[in-house]
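The lines below spell out each chain.
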Amino acid sequence: MGNAKKTLPGLEKLPRHVAVIMDGNGRWAKKNKLKVALGHRRGVETLRAIIRESSDLGIEALTLYAFSTENWKRSPEEVGALMDLLLEFFTSEIDELDREQVRILILGDVDAMPPRQRYALYNAMARTKSNTGLKLNIAINYGGRAEIALAAKRMAKDVQSGLLCADDIDEQTYSRYLYTCDLPDVDLMIRTSGEMRLSNFLLFQCAYAEFDFPAVLWPDYTLEEYHASLLRFGSRERRFGGR
Ligand code: FPP
């Protein structure tokens, strides 16, 4: 890949776009007799390491599921801890990410976030929008069906105002109206903790994704585990419906 700073044996066939459902922070905290907030805090350590490694390997795009539209249903204490971690992450990491040429895009309803988080998220996107390295996409207040519905609404408005012709709408047009408009389809979807569900994440973009379900909890997902996920991807035969 163009931006690779390191290559690893066996990892010549890398996915262009990796998506990750970082599952298992709660169970990790319980297993270690800690509060759930500490599980999420440890989860952020893993996330930092995976972002850096993806950038070093020259992976084009990495998309992480940080907060779903359903996560608001968790206890106020846990939601508060996640909001604090988001703010902390986007405040403390932004300089390094920018230096590393990482381009940040937030997928989801940023306008419905609390004011301080909203400001930090918009700032991160604006500051890094011309960067040419890893495309780091973080799904926050995100739902896959809501994204698809929003795209339909935006297309309908463009048809109404004459910017788009209804007969011209095809899969490519549709994908340009999604949050992920300039990203390639997901090649590899990883969900940690052994759960095997998509949980409303990137429904449209995963049409031909390969899936990997390592049985480790997210805070325990090491770089070795990440390399193993990438190696498994490299050994898959992808036919995209052909023979
Ligand atoms: C799933 O674990 C994880 C989440 C719902 C949140 C993931 C968030 C982070 C890693 C930190 C915040 C993100 C950023 C970008 C700073 P779970 O709590 O559902 O685990 P469980 O299924 O074991 O309870």
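Quick summary incoming for the structure in this document. If you're wondering where the values come from, they're calculated on a predicted model, not measured in any experiment.

Quick notes on the rules
Residues numbered from 1 in each chain as written. Predicted model: local features only at pLDDT ≥ 70, side-chain atom pairs only at ≥ 80, totals over all residues. Heavy atoms only, no water. Helix = DSSP H or I, 4+ residues; strand = E, 2+ residues; numbered from the N terminus. Rg over C-alpha atoms; globule rule 2.2 N^0.38 Å. Buried < 20%, exposed > 50% of the residue type's maximum accessible area, 1.4 Å probe, protein only. Contact = heavy atoms within 4.5 Å. Areas by Shrake-Rupley, 256 points an atom, 1.4 Å probe, with all protein chains shown as cover. Lys, Arg positive; Asp, Glu negative; His and termini not counted. Charge placed at Lys NZ, Arg CZ, Asp CG, Glu CD. Salt bridge = Lys/Arg side-chain N within 4 Å of Asp/Glu carboxyl O. Phe/Tyr/Trp six-rings, centres within 6.5 Å; stacked < 30°, edge-to-face > 60°. Near = heavy atom within 4 Å. Polar contact = N/O pair within 3.5 Å; in protein donor to acceptor, adjacent residues only side chain to side chain. Nonpolar A, V, L, I, M, F, W, Y, C, P; charged D, E, K, R; others polar. Core = buried A, V, L, I, M, F, W, Y, C linked by side-chain atoms within 4.5 Å. Pairing = 2+ DSSP bridges. Disulfide = S-S within 2.5 Å.

A count of helices and strands for the protein gives eight helices and six strands. Listing every helix and strand of the protein by position from the N terminus yields β-α-α-β-α-α-β-α-β-α-α-β-β-α. A compact globule built from 243 residues should have a C-alpha radius of gyration of about 18 Å, and the protein, at 18 Å, falls within 12% of that. Oriented by its inertia axes, the alpha-carbon framework of the protein measures out at about 60 × 45 × 35 Å. Scored against the burial criterion, the 243 residues of the protein give a buried share of 47%. Within the protein, residue pairs in contact and separated by at least 24 positions form 76% of the contacts whose partners lie at least 6 positions apart. Taken as a whole, the protein presents about 12600 Å² of accessible surface, with 52% of it coming from carbon and sulfur. In the protein, the 34 positive side-chain charges and the 34 negative ones have mean positions that sit 4 Å from each other.

With the rule as written, the count across this model stands at 20 salt bridges. Between Glu195 and Arg27 there is a salt bridge; the shortest N-O distance is 3.4 Å. A residue pair is termed long-range when its members are at least 10 positions apart, and Glu195 in the loop between β5 (188-191) and β6 (210-212) and Arg27 in helix α1 (residues 25-31) qualify at 168 residues. The salt bridge involving Lys135 is made with Glu60; its shortest N-O contact spans 3.3 Å. One end of the pair, Lys135, is in strand β4 (residues 135-142); the other, Glu60, is in the loop between α2 (36-57) and β2 (61-68), with 75 residues separating them in the sequence. Within the structure, one salt-bridge network assembled from shared partners comprises Asp23, Arg27, Arg191, Glu195 and Arg197.

When we look at a pair of aromatic rings, we describe it by the centre distance and by the angle of the planes. Summed over all chains, the structure comprises 11 aromatic pairs. Here the aromatic rings of Phe67 and Trp72 are separated by 4.8 Å at their centres, their planes lie at 70 degrees, and the arrangement is edge-to-face. For Trp72, a relative accessible area of 33% corresponds to the partly exposed category. Between Phe89 and Phe90 the ring centres are 5.2 Å apart and the planes differ by 85 degrees, which places this aromatic pair in the edge-to-face class. By the ring-pair criterion, three or more aromatic residues cluster together here, those being Tyr65, Tyr142, Tyr179 and Phe201.

As a structural note, the neighbourhood of the ligand is formed by 17 residues, with Met22, Asp23, Gly26, Arg27 and Arg74 the closest of them. Separating an oxygen atom of the ligand from a backbone N or O atom of Gly24 is a distance of 3.3 Å. A distance of 2.7 Å separates an oxygen atom of the ligand from a polar backbone atom of Arg27. Here the ligand, which alone exposes 620 Å², has 89% of that area covered by the protein. Mapped onto the shell around the ligand, the elements with two or more residues apiece are α1, α2 and α3 (76-92). Looking at the shell around the ligand residue by residue, the class counts come to eight nonpolar, six polar and three charged.

Turning next to the nonpolar core. Soluble globular proteins tend to pack their nonpolar side chains together in the buried interior. In terms of nonpolar packing, the biggest core is built from 44 residues, with Leu62, Phe90 and Leu136 touching the most fellow members. For this core, the leading source of residues is α3, giving eight residues. Ignoring any residue separated from it by four or fewer positions in sequence, one finds Phe90 in contact with Ile104, Ile106, Ala120, Leu121, Ala124, Ile138 and Ile140. Grouped together as the second largest cluster of nonpolar side chains are 12 residues, Ala19, Ile21, Phe201 and Leu202 included.

With that settled, consider the pairing of β2. Walk down a regular strand and you will see the side chains alternate between the two sheet faces. The buried count for β2 comes to seven of eight residues, which makes it a mostly enclosed element. Of the pairings in the sheet, the one linking strand β1 (residues 17-21) to β2 comprises five bridges and is parallel in character. Paired with Ile21 across the bridge in β2 is Tyr65. Summarising the sheet, β2 and β4 pair through seven bridges and their orientation is parallel. Paired with Thr63 across the two strands is Asn137, which belongs to β4.

The next thing to look at is the environment of Arg41. Mapped onto the elements, Arg41 comes out in helix α2. Beyond its immediate stretch of four places on either side in the chain, Arg41 contacts Leu85 and Glu88.

Quick look at the state of the cysteines now. Scanning all chains against the criterion turns up zero disulfides. Residue Cys206 stays outside any disulfide, its sulfur separated by 17 Å from that of Cys181, the closest cysteine.

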